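One letter stands for each residue in the lines below.
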Amino acid sequence: INELYMSPHPNLKSKSRLNTTCGTTNFSLVSLAESKQREEFHDDLYFRNTMQRSRKHQHPLDLSRHEISDKLRGKMMDWMIEVFNIYKQKEETLFRAFALLDRYLHKSPRRLCNHELHLIGSSCMMIASKSEEVSPLRLPVILEEICKNKFSKSTLLAHELEVLSVVDFQTSTP
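S.K.: Honestly, the pattern of salt bridges in this entry has me stumped. Any pointers?
M.R.: For side chains of opposite charge, pairing can occur when their charged atoms come near one another. Tallying each qualifying case throughout the model produces seven salt bridges. One salt bridge in this structure joins Asp-102 and Arg-73, with 2.8 Å as the shortest N-O distance. Here Arg-73 lies in helix α2 (residues 70-86) and Asp-102 lies in helix α3 (residues 91-107), a separation of 29 residues in the sequence. What makes Asp-102 partly exposed here is its relative accessible area of 22%.

S.K.: Explain helix α6 (residues 153-166) here, please?
M.R.: Residues that lie three or four places apart on an α-helix share one face, since the helix turns once every 3.6 residues. Relative to the 20 Å expected for 14 residues at 1.5 Å per residue, α6 spans 20 Å between its end C-alpha atoms, a close match to the ideal helical length. Among the residues of α6, Leu-156, His-159, Glu-160, Val-163, Leu-164 and Val-166 are the ones counted as buried. Buried residues of α6, seen end-on, are gathered within an arc of 165 degrees and therefore sit on one face of the element. Next to the buried residues of α6 lie α3, α4 (117-132) and α5 (139-146). At the C-terminal side of α6, Asp-168 shows a positive phi close to 55 degrees.

Thresholds applied
Residues numbered from 1 in each chain as written. Predicted model: local features only at pLDDT ≥ 70, side-chain atom pairs only at ≥ 80, totals over all residues. Heavy atoms only, no water. Salt bridge = Lys/Arg side-chain N within 4 Å of Asp/Glu carboxyl O. Helix = DSSP H or I, 4+ residues; strand = E, 2+ residues; numbered from the N terminus. Buried < 20%, exposed > 50% of the residue type's maximum accessible area, 1.4 Å probe, protein only. Expected span 1.5 Å × (residues − 1). Arc of directions from axis to C-beta. Contact = heavy atoms within 4.5 Å.

Structural data, given as structure tokens:
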């Protein structure tokens, strides 16, 4: 019966009893330095695994098959940053929108033109906001305030579906 209350922690020099009132082990014998090393090891391991998984999803962005240039893509991203700052969207939403934009540009089966980039970026922002935010950007706000009535509701919704289809409905990366 006493074995049930013994600590299974291998770093303890002596067997200590579990604190049965709160269900935790007495770790006073484990030094703070050992604990810090273990934490850093787990952080490093997590970071390496995350980076390894994300590399599988990264694609070198080759815009040569599209009319869209790197400079124009950069201007679109600057505009997206400005919009997300004005509407107080989270940083994660911005990065999700960037990732969606790049994946769409990478995977799109057709040649994309410069005049489509505003619609593509707006669609990516709307998808990212819906995926990430508690209070996402509302469709009327996107159409009237952000896009200045350049697109109809049906055009924006149809393009949202096109973006999602091209990226296989994968709106996030590890």
